Structure formats: structure tokens, C-alpha cells
Amino acid sequence: MNAAVATAVFGAFMVLTVVLGLLAVRGRGSGGGLAEWSVGGRSLGTVFIWVLMAGESYTSFSYLGAAGWGYRFGAPVLYVLAYMSCGYALGYVVGPMLWSYARRHQLVGITDMVAHRYRAPWLGAVVALLATVCLLPYIQLQITGMGVVVSTISYGAISLNWAYFIAFAVTTGFVVISGLRGSAWVSVLKDVLVIATLGFLAVYVPLHYFDGYGPFLHRIVAERPQWLTFPGHASGGLGPVWFVTTTVVNSLTVVIFPTTVAGYLGARNAEVLRRNALYLPFYNVLLFVPMLLGTAALFVVPGLVGAGSDLALFRMVVDSLPAWAVGLIGVAAALSSIVPMAVFMLVIGTMWGRSVLGARSGAGGGAAGEASGDGGRRTVGGRQKLWSQLVVVGAGALALALTYTAPDTLVRLSLISYEGMAQLVPMLLLGLVWRRLTLRAAVSGLVAGFALVCVLVFGGHDPVWGMNAGLVGLAVNVAVALGVTWLGPRDTDDRPDAEVLALDDEFPRDGAVAPGGAVGPTASS
């Protein structure tokens, strides 16, 4: 009976999720082109951008991984709060810069941006491949996370294998049909459930198991003091230096992460992103709840080891709450997988459909012209959208197949996800503000930094001297890029700065005029 009730609640909300995705694109037709599908027609306002970008940062990791890290290590898990908050501060500057650059040149992602900046379409394909290696593990991890949630809330009635397939099928169908706009709509439902369920658990667990926060916190201090200080319990060297360096490298990386940039480019105007950067840190308060409850699980469900610690929160939920409540909490956790997984899949599809498989127009990686009235360009945009949707299905199917056959393969690759993506920071951000950075220098730095990260991570040297390996690789990356720029041949690109760089005066407020006569977006754009 418990399994039937919880599964019925879950099933009803999955149907509602698909319906919301369909409603999001109602009346927009099937010919909206790649920009409509991949970046929501660049028309999302403050609320939708806020819930969408919060959804990317609040994944199934927040219910499973954050609680699991709190259970296993303690204090080091706070790095998540630190880097997200710092990343939002950087996003106040970086978000409008990338939005303006992409808007001016009709670009739809980071592969477009680097191809246009360095006038090298092949570079967009290389970045698409690198980003896919770093993003695909997240799809697999979200499939795994949602599968574990579904199997757990069904009290084992749904096997893990079927739960994995449900995660893949719902998310793939959803994102192919509705694109970024649908993800934003479903993020609203997800956020309502996340705030409600975590708010409830923050009160319920300490009262139910410890008679209040006072006795709970006193017990932690008395019995588990090592969980409250660095480097935490059995953390393998995750001390203060690791915490600071990880915060630095992750906060730099998160602002250029392809899924974050997709959120930037979906905004109606740059001011939406500035407001969003101010509001997003409030969402981080929620992350304290699973971290704290993971620590509480030390006393309620002791003895969990390895991957089993990721179930610490749900073990408490299933053991003490009625089935309908278990179902609702499971829905919130499942949607926390679906929304980011949808954006990951959409971004991979867009990168490949646009930069690898799709026909392009212009030597520097310019737009295919979704906004243009030219019929030929419309055809190119439609073809790129079709390729992108096919890649979405392929990427999801590959992640699902590897979940079944080689679950550890992508998990190992996930070790380099943030450290590897960090190596794109100089090529993208430094390149958009410094004209002298050449194509040869940017690629040399990327290769050196990424190779070093792979050696350190897969060689078991992360942290290295207590530091995050990604920051060490980034330092080498920048040094090589600067050295090749200064010692190598000068750039022969004869385009004006306004065509190559993201200049300060490229950030028009609503209704203002940008260089070259481009009009800043209005509230109706």
C-alpha cells in the first residue's frame, strides 16, 4: 500500500511535468528555430531566469550528495555554498557581458562564442567535444540519482533498472519537445516543492528524532566534533587550502559552464541577469538543510558506507513519514534531477547541432539567422535544431547505456568535470576582454592546462600540495597562454574591436543604442 500511494503521487507529478513542458511552447509552433528551442527565444524574465539557474545549481546532488557529504565528511561540504555564492557575484559582471556579446552576434552558446572570437569554426567543434566529456557525466549522475530516488520512494517496488529508464525517458521527451522554456516553467513547480519539502524537513527531523535543535546540535558537538572542523572526518586532505582553492576555481568555472551560459542567453535583457545575481544567493540557504540533515542521519541511520551514505536523507524520510509525504519529497528530488539534466542534454545537443553537425553561415561562426527573415538562413536554423534534438536523444541514450553497463566509467570522468571546464576560462573570458590573446595562445594554454588536470586527477594527486588540481592547471594554462601571446606571432585579425571583444559600452540598458546601431532590448523583446 505504501509503495502504491508513493508511486501514484510520483506518477501524477511526472504527468504534470510533461503537461507544463507542452504548455510552455504552446502557440509558438514548431518553426521557432534553434534560438527559440535552446535559449528560449532570449525572452525569459527575472522570475524564470532565477528559477532556471537555481534549478541548475540545485540538483539531485543537493538531496543525495550534499546530505551524503555531510554524513561522511562534515565541514568540507560547505565548499558548495562558498563557490556558488562567489560565482553569483562574478556572474553579476560576466553574465551581462556574455549575454551582450551573444545577442549582438546572434550566438547561442560558448562554442559559438569561441568560434566567432577567434574566427575558427573548428575551435567551436573542439570545445563542443571537450564540454561534452565534462557534461555527459552529469547526465549519467542525474539518471543515477533520480533512479535511486524513484526506487527508494517506491519502497523497492520499482527496480533500479526501470527507475533509470524512467529518468531517461521523461527527461529526453520533455527537453526535445519544450527546450529551455519548458525547463524554466517546470523549475517553478520544482522550486515550490523543494522549498516546501526542505522547509518541512528542517523542522521535522530535529524535533522528531532529537526533541529540537538544541539537543541535536549539542549531540553533534559532544559525539562528532571532527565533523565540524576542517579537514572534516576521513576527508583525505580536504583542508582549508583545498576549500579556498576549490571555491576559487569552481566560482570561475560556474560562470562559463555551458549550462549557466544557456541561462544567461535565455534572458530578456542584461538587467535581468544583474537582478538575478543579487537574488540567487538567497536560494543557497536551502542547501544548509540537506547538509545538516546528513549530519543528523549519523545518529538515526548509522553505519552507511561508500555510496550508501548518499541515501542518508531518504533513509530517514522513508522510515518515519507516511507514504504520501515520501512521494512528495521524492517528486521534489526527481524534479531536481530532471531540470538540470534537461539543460545538460539541451546544451550538448545545441553545441553539436550548431558547431559540429549543423551547416554554418559566416566564416567566424556567426548566427544561422533565426532572427533573420531570409528563408535560407531559416532553413539552416531549422536543420541545426533538428540535429540538436537528435543529439539530445543520442546523448541521453549513451548516458543510460553506460549507467547500465559501465557505471563507474562516467563517474570517474566526473572527477575532471569542473577542473576540466575551468581550462576554458582564459580562452573565453580573457579572450573577450583582451585583444592580444591569439588563437595559438588560447589553444596552447587549454591543452597544457587540461592535460595537467588529467594527469593529476587520474594519477591520484588531487588535491596536490593541499590545493585543488583544477587551479594548478588553470595557473599553468594562463602562463602558457600569456607566454605564447608575447613570444609568438601577432594576431592578424583585422576586424574592429567591437566585432571581436565584449566592450563596456556593449551593455546597453533597456532602449539604449549599442555601438554599430544595435538597439538594446526593450521589455517586449
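Note on numbering: residues in each chain are counted from 1, in written sequence order. Only residues with pLDDT of at least 70 get local features here, since the model is predicted, and only at 80 or more are side-chain atom pairs given and counted; chain-wide, interface and lining totals rely on the full set of residues. Side-chain measures here rest on the full set of heavy atoms in the structure, leaving out hydrogens and waters.

A. Up close: the layout of surface pockets. The rule is simple: put a 1 Å grid over the protein atoms alone, call a set of points where a 1.4 Å probe fits but cannot get out a cavity, call an open set with protein on both sides within 12 Å along at least five of seven lines a pocket, and count a residue as lining if it has an atom within 4 Å of a point. Grid points are joined across faces, edges and corners, and a volume is the space filled by probe spheres set on the points. Approximately 270 Å³ is the volume attributed to the second largest pocket. The wall of the second largest pocket is formed by 14 residues, among which Leu78, Leu228, Met291, Leu292 and Thr295 lie closest to the centre. We count a stretch as a helix when DSSP gives it H or I for four or more residues in a row; a strand needs E for two or more, and each element gets its number in order from the N terminus. By residue number, the principal contributor to the lining of the second largest pocket is helix 14 (residues 288-300), which donates four residues. Amino acids outside the nonpolar list (Ala, Val, Leu, Ile, Met, Phe, Trp, Tyr, Cys, Pro) and the charged list (Asp, Glu, Lys, Arg) are all regarded as polar, and Gly is one of them. Looking at side-chain class alone, the lining of the second largest pocket contains 11 nonpolar, three polar and no charged residues.

B. Seen up close, the packing of helix 6 (residues 79-105) against helix 7 (residues 110-117). Note on geometry: axes are lines fitted to C-alpha atoms, helical ones only across the stretch in contact, with angles between N-to-C directions running from 0 to 180 degrees. The N-to-C vectors of helix 6 and helix 7 enclose an angle of 70°; their axes lie 11 Å apart at closest approach. As judged from the angle between their axes, helix 6 and helix 7 are roughly perpendicular. In this structure, helix 6 uses Leu98, Tyr101, Ala102 and His105 to contact helix 7, whose residues at the interface are Met113, His116 and Arg117. Classifying every residue of the contact of helix 6 with helix 7 by side-chain character gives four nonpolar, two polar and one charged. Angular relationships are summarised with four words: roughly parallel below 35 degrees, roughly antiparallel beyond 145, roughly perpendicular across 65 to 115, and oblique for the angles in between. Contacts: residue pairs with any heavy atoms within 4.5 Å of one another.

C. Broad picture of the pattern of salt bridges. When a carboxyl oxygen of Asp or Glu is within 4 Å of a side-chain nitrogen of Lys or Arg, the pair counts as a salt bridge. For the structure shown, the criterion picks out eight salt bridges. Of the charged contacts in the structure, one is a salt bridge between Asp191 and Lys190, with a shortest N-O distance of 3.0 Å. For the exposure calls, accessible area comes from a 1.4 Å probe over protein chains only, and a residue counts as buried if that area is under 20% of its type's maximum, exposed if over 50%, partly exposed in between. The class for Asp191 is buried, based on a relative accessible area of 3%. Using a relative accessible area of 0% as the deciding quantity, one classes Lys190 as buried. Through salt bridges that share partners, Arg119, Asp493, Asp494 and Arg495 make up one connected network.

D. Examining helix 21 (residues 439-458) more closely. For a helix, the expected span equals 1.5 Å multiplied by the residue count minus one. Its 20 residues give helix 21 an end-to-end C-alpha distance of 28 Å, which sits within 8% of 28 Å, the value for a rise of 1.5 Å per residue. Among the residues making up helix 21, those that are buried are Ala441, Ala442, Gly445, Leu446, Gly449, Phe450, Val453, Cys454, Leu456 and Val457. In this structure, the buried side of helix 21 is in contact with helix 8 (121-153), helix 19 (417-421), helix 20 (425-433) and helix 22 (469-487). Once helix 21 ends, the next one or two residues include Gly460, with phi positive near 75°.

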